[in-house]
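Structural characterization, general
Listed below are the residues making up each chain.
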Amino acid sequence: MKHDIVYVQSLLQAHDVASYKITQTDTASYEMFFVKGRLETVRSTDTRDLSVTVYVDHDGKTGSSTVQVYPSQEEAEMAEAIASALRRARLVFDEPYDLPTGGTEVYEDDGVLTKLTPEQIGADIAEAVFGAPAPEGAAVNALEIFVKDSAVRVMNSRGIDKTRHKRTASLEYIPTYNGKDGSVELYQFDTLAVLDTEALRASVSEHMADVAARMEAKAPTAALACPVLLPIREFRSLVRELAHDLSYQTVYNHSNLRSVGDAVQPDCVGDTMTITACRTVEGSPSGAPFDGDGTTLVDRVLIRDGVCVGRFGSHRFARYLGEEPTGQLPCLCVAAGSVSAETLRAEAHLACVSMSGLQVDLFNDYIGGEVRLAYYFDGKTRIPVTGISISGKLSEALRTLTMSTECATEDSYHGPVLARIDGLQIF
Amino acid sequence: MACSSYLLSKKDLCRALVTELRRTFTYVSVLGTDIRSTQMQVNRRLSNVGDGTDSERGFVFKLSRGGAFYEYSTDSLEGDPKQIAERITEQLRVDERYRTATISPAAVTDEPLVRDFERESDVDAYSEEELLTLSAELRDRVLASDEHILNAFVILRTLSVSKLFVSEHRTLTQSYAWVNGMMMVLYREGDGKMVQARTGANAHLIADVLRELPTKVDALVEKARHLAHATPITPGVYDVITAPSITGLIAHEAFGHGVEMDMFVKERALARSYMGKPVASPIVNMRDGAAAALSAASYFFDDDGVLAHDTQIIKDGVLVAGISDLISAGQLGTEPTGNGRRESYKRKAYSRMTNTFFEAGTDTLEDMIASIEHGYMLFETNNGMEDPKNWAIQCVAEYGIEIEHGKLTDRYVSPVVISGYVPDLLMSISMISDTVTIEGAGFCGKGYKEWVRVSDGGPALKVKVKLG
């Protein structure tokens, strides 16, 4: 007998637990792993996760504790887990808060991905990746595909019973170039909300051209001094850091750097940023209608024209701060910039293509990282470069920021596809 | 610590399932996991005690008919073995376009062995009330030690692992525990910059963590005071001394990922072409293995049912071995080294590092610092990213302390990004200290996913490297 959320709820009620939240996550996945074009492993998963949070008001405070229970557990073992959660909750003395209220809602996934079988999706993705046009010597030598069906259901003791179904497809692949002087690679991970095999083929093809360029790339012989262009993948990590600083929980824990009314980009000479935390953005696989508490998500502008104007976060921390809950918003939307990508690329620049990961440290006012592949354009010639790092003051980067007018969606981000930063050291 | 009674109750069913599935498949194994994890956290405003995110209970089957492998993960096993076996077989579908385009068949190791492994643990010897009270006392002590501390966090995490492995010829069980303790402060002087400082203690016994953590309070607060005045480093190439956590970061990110032998099979690792060749200064020795040290990644058998190893990777500067899981060893025709690890029963096994470290040298730390006219000593891992194909480095240290005229100054720089080319860095190692410290608090991803617990460390190294 595989227990479900309704069974857990009946057990909580039978044990007179007055305040609770239960989350059931059912996941069925289909996964394919290729090595040098040949199938190495096929995986299938069929799992259910059940977590129970109990809340106990005691001594003028509120305590809570979360335990995992298992579909395979006997009633006595599950009851003991719940009793343990109640004991733990009485050890916790947090400021009182209430649980969100709400009704029953079911959100189905009617996306294109649900029209195909997981095996078809996997095979279509594999065909698109391996069939993408590539320069001679370039190939994908490792590919992993994950097709995941998830059903998340949240119930609480104040009437919330919300369910969302979603299917996503993710792929990790390694474009590789083998030349006479050696071999180089790049890393790519994408999550798809729709299966557009032509777009996927084009994207893979672009990365194949990049990896061929990496083979030709050399460390610059002289120091470079020019603006740096960050691609969408790196720019979004900067945006994420700025947004995180404005979450209710960060503020409640005294770990925020900025408050509402503070300027993020004082004395800006480029584009001021407008950042909105959203429930979803067009084409994103990360959108959700409600958060882990079952709170219906409400979009919130965090930064408008370079100034902090709002904060976001869960029901509990909103209550602590006396603000309106927005829920834990999963997506970020950045307003378009003022200059076209073509114009940004027309002047001398270093355009980063692949980095180990952009390091953004708000506390230390730092931005930087190792660049694995970039194109240096001196105003006339464009050459691939590698073996360099960038580094500078985050405040200066934000002051000089210029963003492209063109926008796109990548995972949970929608916004400019290119951002120019001045004043970084390239070494 | 005794193995999970739930898993033991499923041992016979697992054996029956292996027998049933062997009618269809040439290789069958099943791994059962039952992992209890707890997390206790207190800070100035909040506290929390509950199950940690590592908690799980489930099974994963690994099957082969020659060619591709198949895996099926499920949260429960109930019912008739024949019916379960049919259900598993039905799940393993492949679109006709890829049914035959598989890897070549390879022999799979399945030497007979029946053993039960246990490691001493005291995780259940303390009540959660006791642990929470001790954590709160520690938090209060930290908060009282300096008025500029905005918040202090004390976190205790326990992990109790039980695993069952059954194949045609092997039946293994293991149980062990690990404990992580951490303290962190948020610190700000007036309108100055806000900084985070952290410290930790990690051990297989909670008593050791509880004894060590309080001894680190004063150093933690002192570090926060220094970091509040830290400045950016001027980018350049410097003589550097690495503290053990940075040594470990280099061992792990710069080199360790490149000797994971599934990367050899994929032709993703430059290291493969360097086997038997010098890759580091002749004074360098490096090891990895679940049996190489007692730390966060010490187990008795891996998730492929292969016993833990202690693998010498670099000997006297020469690359002598890599680390492998069952599939990659089969593809390469080598013996698996006990490095087949899964993030959870829901995920695939890959070749993964365990406890990875450089071995001790003969120099004293004092002599090493004294040998530097101008440079930095680097401390505390922030993060790193591997590049096994091209051997580029990105490792981030939380902070560095400037060395001038052979002495540590009180000038701190933060953060510090180490970058460059792996062989240049490893060949530049000119001195190695005589004491090894292994930090057991790390998590490691493969690419940007598949997180497993690891430890790394070593002695202090003197290197020449690019900092920014």
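Here the structure is a predicted model, which means the values were calculated and not measured.

The subject of this paragraph is the packing of helix 3 (residues 118–130) of chain A against helix 4 (residues 197–216) of chain A. All names here are of chain A. Remark: helix 3 packs on helix 4, axes separated minimally by 8 Å, with the N-to-C direction vectors making an angle of 40°. As helix 3 runs across helix 4, the sense of the crossing is right-handed. Contacts between helix 3 and helix 4 pair Asp-124, Ile-125, Glu-127, Ala-128 and Val-129 from the former with Thr-197, Leu-200, Arg-201 and Val-204 from the latter. Here the residues of the contact of helix 3 with helix 4 sort into 5 nonpolar, 1 polar and 3 charged.

This part is about the nonpolar core. Residues A:Ile125, A:Leu143, B:Phe61 and B:Leu63 are the most contacted members of the largest nonpolar core, which totals 59 residues. Once residues lying within four places of it in the same chain are set aside, the contact partners of B:Phe61 are B:Leu17, B:Leu21, B:Ser29, B:Val30, B:Tyr70, B:Glu71, B:Tyr72, B:Thr74, B:Leu77 and B:Ile88. Counting residues in hydrophobic clusters, the runner-up holds 48 residues, among them B:Ala152, B:Leu156, B:Leu213 and B:Met377.

Okay, the sheet that holds strand 13 (residues 331–334) of chain A next. Residues and elements named next belong to chain A. Here we have 6 strands laid out as an open sheet, ordered 12-11-10-13-21-20, and mixed in their pairing. Unpaired on one side and paired on the other, strand 12 (307–308) and strand 20 (407–410) mark the two borders of the sheet. Summarising the sheet, strand 11 (residues 300–304) and strand 12 pair through 2 bridges and their orientation is antiparallel. Residue pairing in the sheet places Arg-304 in a bridge with Val-307 of strand 12. Contacting strand 10 (275–278), strand 11, strand 13, strand 20 and strand 21 (413–416), helix 5 (residues 232–244) runs over the sheet at an angle of about 110° to strand 21.

Residue and element names in this part refer to chain B. Strands sit in the order 12-11-10-15-22-21 across an open sheet of 6 strands; the sheet is mixed. Taken across any chain shown, the strands that pair with only one partner, and hence form the sheet edges, are strand 12 (318–319) and strand 21 (437–446). Sheet analysis places strand 11 (residues 311–315) next to strand 12, joined by 2 bridges and oriented antiparallel. Considered in strand 12, the bridge of Ile-314 is made with Leu-319. Sitting on the sheet, helix 7 (residues 244–255) touches strand 10 (286–288), strand 11, strand 12, strand 15 (355–358), strand 21 and strand 22 (449–458), and the angle it makes with strand 22 is about 130°.

Residues and elements named next belong to chain B. Here Arg-139 is to be found in helix 4 (residues 128–144). Residue class for Arg-139 comes out buried when judged on its relative accessible area of 16%. Within the structure, Arg-139 has its side chain in polar contact with the backbone oxygen of Asn-43 (distance 3.0 Å). If sequence neighbours within four positions are ignored, Arg-139 has contacts with Val-42, Asn-43, Arg-44, Ala-152 and Val-154.

What follows is about the side chain of A:Thr23. Looking at the element boundaries, A:Thr23 is found in strand 1 (residues 20–35). Non-local contacts of A:Thr23, meaning those with residues more than four positions away in its chain, are made with A:Ile5, A:Asp49, A:Leu50, A:Ser51, A:Val152, A:Arg153, A:Val154 and A:Gly292.

Conventions adopted
Residues numbered from 1 in each chain as written. Chains lettered and ligands numbered in written order. Predicted model: local features only at pLDDT ≥ 70, side-chain atom pairs only at ≥ 80, totals over all residues. Heavy atoms only, no water. Axes fitted to C-alpha atoms, helices over the stretch in contact; angles between N-to-C directions. Helix = DSSP H or I, 4+ residues; strand = E, 2+ residues; numbered from the N terminus. Left-handed = near helix turned anticlockwise from the far one by under 90°. Contact = heavy atoms within 4.5 Å. Nonpolar A, V, L, I, M, F, W, Y, C, P; charged D, E, K, R; others polar. Core = buried A, V, L, I, M, F, W, Y, C linked by side-chain atoms within 4.5 Å. Buried < 20%, exposed > 50% of the residue type's maximum accessible area, 1.4 Å probe, protein only. Pairing = 2+ DSSP bridges. Polar contact = N/O pair within 3.5 Å; in protein donor to acceptor, adjacent residues only side chain to side chain.

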